[in-house]
Amino acid sequence: MRLVLVGPPGAGKGTQAQFLASHFGIPHISTGDIFRANLKEGTPLGVEAKGFMDRGELVPDSVTNEMVRDRLTHDDVVNGFLLDGFPRNVVQAQVLRAMLAEKKNPLNAVLELSIEKSEIIARLSGRRVCRNCGNTAHLLFDPPSVDGVCNGCQGELYQREDDKEEVVTRRLEVYEEQTAPIVDFYRSEGLLITISATGSVGDITERAITALSRVH
Ligand code: AMP
């Protein structure tokens, strides 16, 4: 299964991607996670991406596309992959289509998580991420047992710089202007499946699996 997950920031792509990747036995490839890992390690890629990420802007296509091209050469993608956070604009979508056409392995589906704007803000402002393992918690919807401490590994929970209100507003604008057009792109390719991303995490996963079970 070669799958792309698309939806605005806060739609729960990362959470759903983990469940879906494990259900289908495919790697979860999140460009945001790769950038954050590079940032933590202080690599040249991380240094280059940091300013864009802190402002809620997209990292330039030249950098992002090459990073994904490289990731898709790894052995673990033989049975497919789940891309989360890529593509983020129409140029990236076209580059991805060309990369996969070269390998004669086109996408099977693009799953859109659809959610109201008012809910996005509530979700993002309460989101906390573990500095150690990267898992997410939510102050309202999935609070940690101990304040500020990850339930999984006891690492420190923090608020992503780009989850602060000013940056969230910019990320939403960037989504509307640059990423939303890929929904039409994939609709016209006949690949788009849209599900509602409201309700419990388990309900949304079930909805996604049911919708994807019809994909070949
Ligand atoms: P995410 O974790 O997917 O919300 O990504 C966090 C940040 O990483 C984004 O706000 C961008 O700055 C950067 N980023 C992630 N994926 C991409 C992409 N496909 N193209 C450009 N920038 C990206």
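Let us look at the structure shown here. The model shown is predicted, which means the values in this text are computed figures rather than measured ones. (Residues numbered from 1 in each chain as written. Predicted model: local features only at pLDDT ≥ 70, side-chain atom pairs only at ≥ 80, totals over all residues. Heavy atoms only, no water.)

A word on the overall build of the protein chain
1) Next: The number of helices and strands found in the protein chain is nine helices and eight strands.
2) Next: Its C-alpha atoms give the protein chain a radius of gyration of 17 Å, within 12% of the compact-globule value 17 Å for 216 residues.
3) Next: When its C-alpha atoms are laid out on the principal axes, the protein chain stretches across 50 × 40 × 35 Å.
4) Next: Relative to its full complement of 216 residues, the protein chain shows a buried share of 45%.
5) Next: Look at the contacts in the protein chain between residues 6 or more apart in sequence, and 70% of them connect residues 24 or more apart.
6) Next: Carbon together with sulfur atoms contributes 51% to the accessible area of the protein chain, which is approximately 10900 Å² in total.
7) Next: The average position of the 24 basic charges and that of the 30 acidic charges among the side chains of the protein chain differ by 2 Å. (Helix = DSSP H or I, 4+ residues; strand = E, 2+ residues; numbered from the N terminus. Rg over C-alpha atoms; globule rule 2.2 N^0.38 Å. Buried < 20%, exposed > 50% of the residue type's maximum accessible area, 1.4 Å probe, protein only. Contact = heavy atoms within 4.5 Å. Areas by Shrake-Rupley, 256 points an atom, 1.4 Å probe, with all protein chains shown as cover. Lys, Arg positive; Asp, Glu negative; His and termini not counted. Charge placed at Lys NZ, Arg CZ, Asp CG, Glu CD.)

Some details on the site of the ligand
1) Next: As a matter of local geometry, the ligand sits amid 16 residues, with Thr 31, Arg 36, Glu 57, Gly 85 and Gln 92 nearest to it.
2) Next: Between an oxygen atom of the ligand and a side-chain N or O atom of Arg 36, the distance comes to 2.9 Å.
3) Next: Here an oxygen atom of the ligand and a side-chain polar atom of Arg 88 are 3.1 Å apart.
4) Next: Considered class by class, the residues forming the shell around the ligand number five nonpolar, five polar and six charged. (Near = heavy atom within 4 Å. Polar contact = N/O pair within 3.5 Å; in protein donor to acceptor, adjacent residues only side chain to side chain. Nonpolar A, V, L, I, M, F, W, Y, C, P; charged D, E, K, R; others polar.)

Thoughts on the pairing of strand S4 (residues 109-114)
1) Next: When you tally the buried positions in S4, you get five out of six residues, the bulk of the element.
2) Next: Of the pairings in the sheet, the one linking strand S1 (residues 2-6) to S4 comprises four bridges and is parallel in character. Considered in S4, the bridge of Leu 3 is made with Ala 109. (Pairing = 2+ DSSP bridges.)

Remarks on the pattern of salt bridges
1) Next: Applying the stated rule across the entire model yields 14 salt bridges.
2) Next: Here Asp 54 makes a salt bridge to Lys 50, at a shortest N to O gap of 2.5 Å. Here Lys 50 and Asp 54 lie together in helix H3 (residues 44-55), a separation of four residues that amounts to about one turn.
3) Next: Taking the shortest distance from any N to any O, the salt bridge between Arg 160 and Asp 162 comes out at 2.8 Å. (Salt bridge = Lys/Arg side-chain N within 4 Å of Asp/Glu carboxyl O.)

As for the side chain of Asp 162
1) Next: Its location among the elements puts Asp 162 in the loop between strand S7 (157-158) and helix H7 (165-179).
2) Next: With a relative accessible area of 10%, Asp 162 lands in the buried category.
3) Next: Polar side-chain contacts of Asp 162 include one of 2.8 Å to the side chain of Arg 160.
4) Next: Leave out the neighbours within four places in its chain, and Asp 162 touches Met 53, Val 167, Val 168 and Arg 171.

Points about the nonpolar core
1) Next: One finds Leu 82, Leu 111, Leu 113 and Leu 212 to be the most contacted residues of the largest nonpolar core, which totals 24 residues.
2) Next: Among the secondary structure elements, those contributing two or more residues to this core are S1, helix H1 (13-24), S4, helix H6 (117-125), H7, strand S8 (192-196) and helix H9 (201-212).
3) Next: Looking at this core element by element, the count peaks at four residues for H9.
4) Next: Here Leu 113 is in contact with Leu 5, Val 6, Gly 7, Pro 8, Ala 11, Gly 12, Lys 13, Gln 16, Ile 195, Ala 197 and Ile 204, once residues within four sequence places are set aside.
5) Next: Judged by nonpolar contacts, the second largest core, of 22 residues, contains Phe 81, Leu 96, Met 99 and Tyr 175. (Core = buried A, V, L, I, M, F, W, Y, C linked by side-chain atoms within 4.5 Å.)

Let's talk about the environment of Leu 100
1) Next: Within the secondary structure, Leu 100 is located in helix H5 (residues 90-102).
2) Next: Residue class for Leu 100 comes out buried when judged on its relative accessible area of 2%.
3) Next: On a C-alpha basis, the gap between Leu 100 and Leu 72 in space is 9.2 Å, while along the polypeptide they are 28 residues apart.
4) Next: Setting aside anything within four residues of it in sequence, one finds Leu 100 in contact with Leu 72, Phe 81, Asn 105, Pro 106 and Leu 107.

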